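The residues making up each chain are set out below.
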Amino acid sequence: MSRRAIDVRPVGSLVGGFLLSSFAVFALATGVGRAVGAPLIPETGRAVAVALIGVVLCAYDIAALRGGKLCRLSWRRQTPKNWIYRYGSRRGPFLWGLDTGLAVTTFRVSAATWALLALCAGQFAPWWVGLAFGGGFAAAQVGAIVVPRWRPARPDGTAQEPTWIVRALMRGRPVGQLASLAVLVAAVASVAVLAASGPSLP
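Residues numbered from 1 in each chain as written. Predicted model: local features only at pLDDT ≥ 70, side-chain atom pairs only at ≥ 80, totals over all residues. Heavy atoms only, no water.

A. Expanded view of the overall build of the chain. If you tally the helices and strands in the chain, you get seven helices and zero strands. Along the chain, helices and strands appear, N-terminal first, in the series α-α-α-α-α-α-α. Contacts spanning at least 24 positions in sequence make up 77% of the contacts within the chain whose residues lie at least 6 apart. Per element, the accessible surface of the chain, about 11600 Å² overall, is 70% carbon and sulfur. (Helix = DSSP H or I, 4+ residues; strand = E, 2+ residues; numbered from the N terminus. Contact = heavy atoms within 4.5 Å. Areas by Shrake-Rupley, 256 points an atom, 1.4 Å probe, with all protein chains shown as cover.)

B. Up close: helix α5 (residues 129–146). Taking 1.5 Å as the rise per residue, α5 with 18 residues should run 26 Å; its terminal C-alpha atoms sit 26 Å apart, in good agreement. Those residues of α5 lying buried are Val129, Gly130, Gly134, Phe137 and Ala138. Buried residues in α5 make contact with α1 (9–35) and α4 (112–121). (Expected span 1.5 Å × (residues − 1). Buried < 20%, exposed > 50% of the residue type's maximum accessible area, 1.4 Å probe, protein only.)

C. Fine view of the packing of aromatic side chains. Evaluation of the coordinates by the stated rule reveals five aromatic pairs. Arranged with centres 5.9 Å apart and planes meeting at 10°, the rings of Phe18 and Phe133 form a pair that is stacked. Of this pair, Phe18 sits in helix α1 while Phe133 sits in helix α5; the two residues are 115 residues apart in sequence, bridging distant segments of the chain. Residue classification places Phe18 among the buried positions, given a relative accessible area of 4%. When the ring of Trp83 is compared with that of Tyr87, the centres are 6.4 Å apart and the planes differ by 80°; the resulting orientation is edge-to-face. Of the two residues, Trp83 and Tyr87 both sit in helix α3 (residues 83–100), four residues apart, roughly one turn of that helix. Assessed through its relative accessible area of 29%, Tyr87 is described here as partly exposed. Ring pairs connect the aromatic residues Phe18, Phe26, Phe133 and Phe137, which therefore count as one cluster. In this structure, Arg46 is placed above the aromatic ring of Phe124, and the distance from its NZ or CZ to the ring centre is 5.1 Å. (Phe/Tyr/Trp six-rings, centres within 6.5 Å; stacked < 30°, edge-to-face > 60°. Lys NZ or Arg CZ within 6 Å of the ring centre and 35° of its normal.)

D. How the structure looks around the environment of Val48. Mapped onto the fold, Val48 is located in helix α2 (residues 43–66). Taking relative accessible area as the criterion, Val48 reaches 38% and is therefore assigned partly exposed.

E. Highlighting the environment of Ala27. Along the chain, Ala27 turns up in helix α1. With relative accessibility at 22%, the residue Ala27 sits in the partly exposed group. Linking Ala27 and Ala121, residues 94 residues apart in sequence, is a C-alpha distance of 9.1 Å.

F. Structural context of the pattern of salt bridges. With the rule as written, the count across this model stands at one salt bridge. Between Asp99 and Arg77 there is a salt bridge, with the nearest N and O atoms lying 2.9 Å from each other. Of this pair, Asp99 sits in helix α3 while Arg77 is found in the loop between α2 and α3, placing the two residues 22 residues apart along the sequence. On the basis of relative accessible area, Asp99 is assigned to the buried category, the value being 9%. Among the residues examined, Arg77 registers a relative accessible area of 29% and is labelled partly exposed. (Salt bridge = Lys/Arg side-chain N within 4 Å of Asp/Glu carboxyl O.)

G. Expanded view of the side chain of Asp61. On the secondary structure map, Asp61 appears in helix α2. At 9.1 Å, Arg72 is the nearest oppositely charged side chain to Asp61, a buried residue that forms no salt bridge. Reaching out from Asp61, the side chain makes a polar contact with the side chain of Ser110 at a distance of 2.7 Å. When neighbours within four sequence positions are excluded, Asp61 is seen to be in contact with Ser110, Ala111, Ala112, Leu181 and Leu184. (Lys, Arg positive; Asp, Glu negative; His and termini not counted. Polar contact = N/O pair within 3.5 Å; in protein donor to acceptor, adjacent residues only side chain to side chain.)

Rendered as structure tokens:
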């Protein structure tokens, strides 16, 4: 990657891997819900169960926000950064995307991802929702990597990572946590209203 031209192929590999695994994990959650008989349970009962799960997840997010910490309901690990050196600039980012796209296998800011998995298992979210999940990641990644043109140069003239993006993300983490919590509360409220409204008409 030079200061004048950016090779977007590693970014495409990263996004492709993320989309593939995020699609698979949420489709799997939907399939597991069907396999255990979720569609046979009355909608009100499923809504109550998912709403209760959402309330617990909200409590976790509030505790994390108050303590200035990340979500505690995810694996405390990061995708190995050396994969790009071990597997190259195409397979490395693709594997990185596959790992992070699994949604809960690395550090997470919010427990909202678990809520989305619960919605899938409860048959309240479409089986393809992982594509939307991955699309949000893809838009952010492409914007952060390709759009910023200011990239300080190394002594050899090549560009280095714009670290100001990382610093801005770290400073804005509480805002992201609040936004995620707001979305989670809205989702729980919607499911709770559905549960309170009783069985839907045929």
